[in-house]
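Residue strings, one per chain:
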Amino acid sequence: TGLMLLSSLVFSETRRADAHIHGLHRVQLLLDNSILQLNYEFPADRMEDRTEHEHEHEHEHEHEHHQDELEKRHATAQQLVEILDISELMRIPPSAKCRQIQLTQSINALNENQDDTRESKHKDALIEAVMECENPSAIVSLDFSPAYQTFDDLAEIQVEGMIGHQSLSEMLSATRTSISF
């Protein structure tokens, strides 16, 4: 089915670390009959700390910067854990009568160039949601303003997918948070 296609696209996609852009979130969605599947992906820096040996050789300013980065990484991981419903990131018209039947979260390492240790720090968080809609024809728009309220560093959302037989490819921003089709 189409849902299997969306899952295989997300998991088979090979992304280079240079495609990992902070402030850019990616959404893939597919409406197949009454099932809406949404994959919401965003950059998440590595969650582990540097070794103590590396700490010993840092200057005080660099140490403060490192602490700020660690706090941001912890906040990203905490935000991921706190998202229990896709409605915390997007709104579907209430008349569609959609209910979430599955939500999974993961943090995935990007394909890494073994010669460049900087790339090993790049990871993406992925939230996968599946919803069943009683009135799927009422899905005429999607509003991502909740995502802009959830993520302080969010600049743009790239949305791609299929709604019925209509393909969709849009770039959203803080001033344009909705898609209509």
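See above for the structure.
Residues numbered from 1 in each chain as written. Predicted model: local features only at pLDDT ≥ 70, side-chain atom pairs only at ≥ 80, totals over all residues. Heavy atoms only, no water.

Visitor: Describe the overall build of the protein chain, and please don't skip the residues or the numbers.
Guide: Of regular secondary structure, the protein chain possesses 4 helices and 8 strands. Sequence-ordered secondary structure for the protein chain, helices as α and strands as β, is α-β-β-α-α-β-β-β-α-β-β-β. With 181 residues in all, the protein chain has 41% of them scored as buried. Of the roughly 10500 Å² of accessible surface on the protein chain, a fraction of 48% belongs to carbon and sulfur atoms. (Helix = DSSP H or I, 4+ residues; strand = E, 2+ residues; numbered from the N terminus. Buried < 20%, exposed > 50% of the residue type's maximum accessible area, 1.4 Å probe, protein only. Areas by Shrake-Rupley, 256 points an atom, 1.4 Å probe, with all protein chains shown as cover.)

Visitor: Mind laying out the state of the cysteines, listing which residues take part and the relevant values?
Guide: The final tally for this structure, using the stated rule, is 1 disulfide. Between cysteine 98 and cysteine 133 runs a disulfide, and the two sulfur atoms are separated by 2.0 Å. Taking the sign of the S-S torsion, about 105 degrees here, the bridge from cysteine 98 to cysteine 133 comes out right-handed. Note that cysteine 98 is positioned in strand 3 (residues 98-109) and cysteine 133 in strand 4 (residues 122-133), a separation of 35 residues in sequence. (Disulfide = S-S within 2.5 Å.)

Visitor: Outline the environment of arginine 99, supporting the account with residue identities and numerical values.
Guide: In this fold, arginine 99 is placed in strand 3. Looking at arginine 99, the relative accessible area reads 49%, which means it is partly exposed. With residues near it in sequence (within four places) discarded, arginine 99 still touches Val130, Met131 and Glu132. (Contact = heavy atoms within 4.5 Å.)

Visitor: Outline the environment of serine 95, supporting the account with residue identities and numerical values.
Guide: Tracing the backbone through its elements, the reader meets serine 95 in the loop between helix 3 (60-82) and strand 3. You can call serine 95 partly exposed: its relative accessible area is 41%. Along the backbone, serine 95 and proline 136 are 41 residues apart, and their C-alpha atoms lie at a distance of 8.8 Å. In this structure serine 95 touches Asn135 and Ala138, once residues within four positions along its chain are discounted.

Visitor: Which residues make up the pattern of salt bridges, and what are the values?
Guide: Under the criterion given, the structure shown has 3 salt bridges. Two residues, aspartate 143 and arginine 91, come together in a salt bridge whose shortest N-O distance is 3.0 Å. Linking aspartate 143 in strand 5 (residues 141-143) with arginine 91 in the loop between helix 3 and strand 3, this pair joins segments that are 52 residues apart in sequence. Look at arginine 91 and you get partly exposed, because its relative accessible area is 41%. (Salt bridge = Lys/Arg side-chain N within 4 Å of Asp/Glu carboxyl O.)

Visitor: Let's hear about the side chain of serine 145: which residues, and what values?
Guide: With respect to the helices and strands, serine 145 occurs in helix 4 (residues 145-150). When its relative accessible area of 14% is taken as the criterion, serine 145 is described as buried. In this structure the side chain of serine 145 is engaged in a polar contact, spanning 3.0 Å, whose partner is the side chain of arginine 91. If sequence neighbours within four positions are ignored, serine 145 has contacts with Arg91 and Thr177. (Polar contact = N/O pair within 3.5 Å; in protein donor to acceptor, adjacent residues only side chain to side chain.)

Visitor: Lay out unusual backbone geometry in plain terms, naming residues and giving numbers.
Guide: Here asparagine 33, not a glycine, exhibits a phi torsion of approximately 60 degrees, which is positive. A positive phi angle, near 50 degrees, is found at lysine 97, a position not held by glycine. Tracing the backbone through its elements, the reader meets lysine 97 in the loop between helix 3 and strand 3.

Visitor: Now, about the packing of aromatic side chains: what can you tell me, with residues and values included?
Guide: For the coordinates displayed, the defined rule picks out 3 aromatic pairs. Taking the centre distance of 6.2 Å and the plane angle of 65 degrees together, the rings of tyrosine 40 and phenylalanine 42 count as edge-to-face. Like phenylalanine 42, tyrosine 40 is buried. Between phenylalanine 42 and phenylalanine 151 the ring centres are 4.7 Å apart and the planes differ by 50 degrees, which places this aromatic pair in the tilted class. With phenylalanine 42 in strand 2 (residues 35-45) and phenylalanine 151 in the loop between helix 4 and strand 6 (156-163), the pair connects residues that are 109 residues apart, well separated along the chain. On the basis of relative accessibility, which here comes to 3%, the residue phenylalanine 151 falls in the buried class. (Phe/Tyr/Trp six-rings, centres within 6.5 Å; stacked < 30°, edge-to-face > 60°.)

Function cannot be inferred from these measures alone, as they are strictly geometric.
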